[in-house]
Amino acid sequence: MTYRRIVAKFGTGLLTSGTDYLDLHVMSSLVEQIARLQRQGKEIVIISSGAIASGRQKLQKVPERKNTPFKQVLASVGQSHLMYTYEQLFSRHEITVAQALLTKEDLCDRGGYLNARNTLLALIELGIICIVNENDVVAVDEIEELKFGDNDNLSAMVANLIDADVLVMLTDIGGLYSADPRCNPQAQLIHRVDEIDAEIERMASGTASRQGAGGMTTKIEAARLATCSGVNVVIAGGREPDILARISQGQDVGTFFPAQANKMESRKRWMLSGLASKGKVTVDKGAVLALKEQNKSLLPAGVIKAEGKFHRGDIVDILDDKGKHVGCGISNYSSS
Ligand code: GLU
């Protein structure tokens, strides 16, 4: 399988090589690979962390404060330094870059989702490499439902947004391992995950990020969202030579999560993203069967429980009696 439209996510640990500085050697190698792929006709959008780390690098003399506003100060200072660095590196390849700072709140609204989508697609068409990050200055920790909080989930959302063929999450760890490979030499690389079940979640939970906001758990969450939206996902080591080209040619590197759905129209992908969901309904086994196997609508008799406050016409998530997500739909009834 070869991929044409690629969302590539670079984590903080990769971009800084675990130090307090952006690692220009790593960054220029990634940029060089992207430039080469673009010349081959591939369409690439970058999700880049590293704003907070760059801010820390710039504000070394300012004593660190452990509260959100200070993190936002770091992100604000660092984002321009991060973009300056990308701009310099891409200019060697005569490629123009663009910046898009997104928040969850912007995309919850269907209009915002479509505007972001149109802009990103227009940039792709013009051969401009768009570098996306969360708008950390306005996305506040305290209002969690309005914040992605980590760039793994943001990258899955962008892959959903632009209908990517593959989402590549590059890290300083080579993929999903049975345990944290940094402290357990027996840890085995998992090459392929067809279903994200409790065992996969357990394996992921052992590997936290040392510098960024996420870790393997948020990568698995992101993989779930992207694969449900019809996007293939690869988690791989960003320092391996030619990693992006190898993935774009479908080579077996890192951990591969095949797309769980066929390509679908934008409105359905938006519904599935969970951004638009106003509530949850739990349904019984008969209803799950009717929905999944017989392609039928959900009848009120199959509903065991409704959570959240929603109105007729709102989008709701549908869960089975064990709490597993089975789908989403437009409700004919209000929650009451
Ligand atoms: N947006 C944060 C930054 O640029 C990174 C979030 C993450 O580590 O996932 O520093």
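Refer to the preceding data block for the structure.
By convention here, each chain's residues receive numbers from 1 onward along its written sequence. Only residues with pLDDT of 70 or above have their local features reported here, since the model is predicted, and side-chain atom pairs are shown and tallied only from 80 upward, although totals for entire chains, interfaces and linings are computed over all residues. Derived side-chain values reflect all non-hydrogen atoms in the structure, with water molecules and hydrogen atoms excluded from consideration.

Visitor: Requested: an account of the environment of Gly174, with residues and values cited.
Guide: Strands are runs of DSSP state E lasting at least two residues, helices are runs of H or I lasting at least four, and both sets are numbered from the N terminus onward. In this fold, Gly174 is placed in the loop between β5 (166–171) and α8 (198–205). Only protein chains enter the accessibility calculation, which uses a 1.4 Å probe; a residue is then buried when its area is under 20% of its type maximum, exposed when over 50%, and partly exposed in between. Overall, Gly174 belongs to the buried group, its relative accessible area being 17%. Sequence-wise, Gly174 and Gly111 are 63 residues apart; in three dimensions their C-alpha atoms are separated by 37 Å. In what follows, residue pairs with any heavy atoms lying within 4.5 Å of each other are defined as contacts. Apart from residues lying up to four places away in sequence, Gly174 is in contact with Leu189, Ile235, Ala236, Gly237, Gly254 and Thr255.

Visitor: Which residues make up helix α2 (residues 24–39), and what values do they have?
Guide: In this model α2 runs 22 Å from its N-terminal to its C-terminal C-alpha over 16 residues, within 8% of the 22 Å that 1.5 Å per residue would give. Taken together, the buried positions of α2 are occupied by Val26, Met27, Leu30, Val31, Gln33, Ile34, Ala35 and Leu37. For α2, the capping residue at the N-terminal end is Asp23, with a side-chain oxygen 3.0 Å from the backbone nitrogen of His25. Two residues or fewer after α2 comes Gly41, characterised by a positive phi angle close to 95°. Expected span of a helix, by definition, is 1.5 Å for each gap between consecutive residues, and there is one gap fewer than residues. By the criterion applied in these results, polar contacts are pairs of N or O atoms within 3.5 Å in which, for protein atoms, one can donate a hydrogen and the other can accept it, and in which residues neighboring in sequence qualify only through two side-chain atoms.

Visitor: Explain the pattern of salt bridges residue by residue, including any values.
Guide: One speaks of a salt bridge when a side-chain nitrogen belonging to Lys or Arg is within 4 Å of a carboxyl oxygen belonging to Asp or Glu. Inspection of the entire model under this criterion finds 16 salt bridges. A salt bridge links Asp152 to Lys219, with the shortest nitrogen-to-oxygen separation between them at 3.2 Å. Note that Asp152 is positioned in helix α7 (residues 151–162) and Lys219 in helix α9 (residues 216–228), a separation of 67 residues in sequence. For the pair shown, Asp152 and Lys219 are each scored as buried.

Visitor: Describe the packing of aromatic side chains, with residues and values.
Guide: Centres within 6.5 Å are what make two rings of Phe, Tyr or Trp a pair, Trp counting through its six-membered ring; a difference in plane orientation under 30 degrees is then read as stacked, over 60 as edge-to-face, and the rest as tilted. Counted under the stated rule, the structure contains two aromatic pairs. With a centroid separation of 6.2 Å and 55° between ring planes, the pair formed by Tyr113 and Trp270 is classed as tilted. Of this pair, Tyr113 sits in helix α6 (residues 110–125) while Trp270 sits in helix α11 (residues 266–272); the two residues are 157 residues apart in sequence, bridging distant segments of the chain. Relative accessible area serves as the criterion here: at 8%, Trp270 is assigned to the buried category.

Visitor: Go over the sheet that holds β5, please, and point to the residues and values.
Guide: Read across the open sheet, the seven strands follow the order β3-β4-β2-β1-β5-β6-β7; overall the sheet is mixed. The sheet is open, and its two borders are formed by β3 (97–102) and β7 (255–257), each paired with just one other strand. Direction aside, neighbouring strands of the sheet carry axes that sit 20° apart on average. For two strands to count as paired, DSSP must find a minimum of two bridges between them. Of the pairings in the sheet, the one linking strand β1 (residues 5–10) to strand β2 (residues 43–48) comprises six bridges and is parallel in character. Looking at β2, one finds that Phe10 is bridged to Ser48. To define axes, lines are fitted to C-alpha atoms, for helices over the stretch in contact only, and angles between the resulting N-to-C directions are given on a 0 to 180 degree scale.

Visitor: Please provide a residue-by-residue account of the sheet that holds strand β8 (residues 279–283), values included.
Guide: Taken together, the four strands give an open sheet; going across it, the order is β9-β8-β10-β11, and neighbouring strands pair in mixed fashion. Unpaired on one side and paired on the other, β9 (303–307) and β11 (325–330) mark the two borders of the sheet. Ignoring which end each strand starts from, the neighbouring axes of this sheet average 25° apart. Bridge count between β8 and β9: four bridges; the pairing is antiparallel. Residue Val281 lies in a different strand from β9, and its bridge partner there is Ala306. In the packing of helix α12 (residues 285–292) onto the sheet, the strands contacted are β8, β10 (315–319) and β11, and the crossing angle to β8 comes to about 105°.

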